Amino acid sequence: SLSLNAWEDRAVKGNYEILSKRESISAAKKALQAAKYDRYPTVDLNIALSRGSSESTFFVNSQTKSQSIGLTFFLPIYQGGSINSRIRQSAFLLDSEIEGLRFQEEDLRKRVQKTYFGLKDSIELSGALKSAVKSAMVELEANRKSATAGIRKQLDILISQQNLLKVERELVDNNLNIILFWLNLNMLSGSVDRLTIKETSKFFK
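I will try to describe carefully the structure that is included in this document. (Residues numbered from 1 in each chain as written. Predicted model: local features only at pLDDT ≥ 70, side-chain atom pairs only at ≥ 80, totals over all residues. Heavy atoms only, no water.)

## Side note on the overall build of the protein
The line we're drawing: Here a helix means four or more residues in a row that DSSP labels H or I, a strand means two or more in a row labelled E, and each is numbered from the N terminus. Remark: exposure states derive from per-residue accessible area (1.4 Å probe, protein chains only) relative to the maximum for the residue type, with buried under 20%, exposed over 50%, and partly exposed in between. Between two residues, a contact is recorded if the distance between any of their heavy atoms is within 4.5 Å. In short, Shrake-Rupley with a 1.4 Å probe defines the accessible areas, and a residue's cover is counted only from the protein chains shown.
Across its full length, the protein holds five helices and two strands. Ordering the α and β elements of the protein from the N terminus gives α-α-β-β-α-α-α. Residues counted as buried form 24% of the 205 residues belonging to the protein. Contacts in the protein between residues at least 24 apart in sequence constitute 72% of all its contacts with a sequence separation of at least 6. Per element, the accessible surface of the protein, about 15200 Å² overall, is 57% carbon and sulfur.

Listed below in structure tokens is the structure:
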């Protein structure tokens, strides 16, 4: 099984929410860069080609062709500070996205830690419950033998059976928690795939 640090690293790299936030940061960086470019002159190259045909009594299947090439030069002038304002706004949005990513990563690590320790505790509890099931079975068998010998009553057997069923139910519930914790770790790390589902199905065989 993976260590806590390995699960945290996998989650930070593969979590879909984190990946989406990184895409937003990339878009914000491009928006900031585009806003800065508005300060500089730009030159656009325009090329146009056209062809036409017509018929008349004097010219049959006549065709006309035209071509044009043009340059457009744009020089930004003072716009009342609007360019600087857009740059500041884009920078603010970028900082906000970066801070949001940091917060999401911290929150994700906490969720991974909580799930990981829940998994470890459930695995340890599973071992204790298995021992409790064995003890309850031994007690039930002992009461049955004692009842046959006339030392115990049928009520003692029923109580032993109830205790055994209770412990077995707790073991089943705990095993389901183990599966849920493990699946949640995989979902947090964005690694739920066909192999994960296949591994999960083994618990139900």
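## Quick word on the pattern of salt bridges
In plain terms, the rule: Salt bridge, as used here, is a side-chain nitrogen of Lys or Arg placed within 4 Å of a carboxyl oxygen of Asp or Glu.
Per the counting criterion, the structure on display carries six salt bridges. Glu105 is the partner of Arg22 in a salt bridge, and the nearest nitrogen-oxygen pair spans 3.3 Å. Placement of Arg22 in helix α2 (residues 16–37) and of Glu105 in helix α3 (residues 82–148) is noted, with a sequence separation of 83 residues between them. On the accessibility criterion, Arg22 (31% relative accessible area) is partly exposed. The partner of Arg102 in a salt bridge is Glu106, and the shortest N-O contact between them spans 2.6 Å. Note that Arg102 and Glu106 are positioned in helix α3 at a spacing of four residues, about one turn of the helix.

## What to know about the environment of Arg144
By secondary structure assignment, the location of Arg144 is in helix α3. Judged by relative accessible area, which is 37%, Arg144 ranks as partly exposed. Residues Arg144 and Asp156, spaced twelve residues apart in sequence, show a C-alpha to C-alpha distance of 8.5 Å. Ignoring anything within four residues of it in the chain, the contact list for Arg144 reads Ile157 and Gln161.

## As for the packing of helix α4 (residues 154–188) against helix α5 (residues 194–201)
As a reminder of what qualifies: To get an axis, fit a line to the C-alpha atoms, keeping to the stretch in contact for a helix; angles then go from 0 to 180 degrees between the N-to-C directions. Each angle receives one of four descriptions, namely roughly parallel if under 35 degrees, roughly antiparallel if over 145, roughly perpendicular if within 65 to 115, and oblique otherwise. Residues are grouped as follows: Ala, Val, Leu, Ile, Met, Phe, Trp, Tyr, Cys and Pro are nonpolar; Asp, Glu, Lys and Arg are charged; all remaining types, including Gly, are polar.
Look at α4 against α5: their axes get within 11 Å of each other, and the N-to-C directions meet at 175°. Looking at the two axes, α4 sits roughly antiparallel to α5. Each of Ile179, Trp182, Leu183 and Asn186 in α4 lies in contact with α5, whose residues at this interface are Thr196, Glu199 and Thr200. The residue makeup of the contact of α4 with α5, split by class, is three nonpolar, three polar and one charged.

## Here we look at the nonpolar core
Under the convention used in this document: What makes a nonpolar core is a set of buried Ala, Val, Leu, Ile, Met, Phe, Trp, Tyr and Cys residues whose side-chain atoms join them at distances within 4.5 Å.
With 18 residues, the main nonpolar core has Trp7, Leu94, Leu108, Val112, Tyr116 and Leu185 as its most contacted residues. Ranked by the residues each element gives to this core, the list is headed by α3, at seven residues. Look past the residues within four positions of Leu108 in its chain and what remains in contact with it is Ala11, Val12, Asn15, Ile18 and Leu188. The next biggest cluster of nonpolar side chains, apart from the first, holds nine residues, and it includes Leu129, Ala136, Leu164 and Leu171.

Shape is all these values report; function is a separate question.
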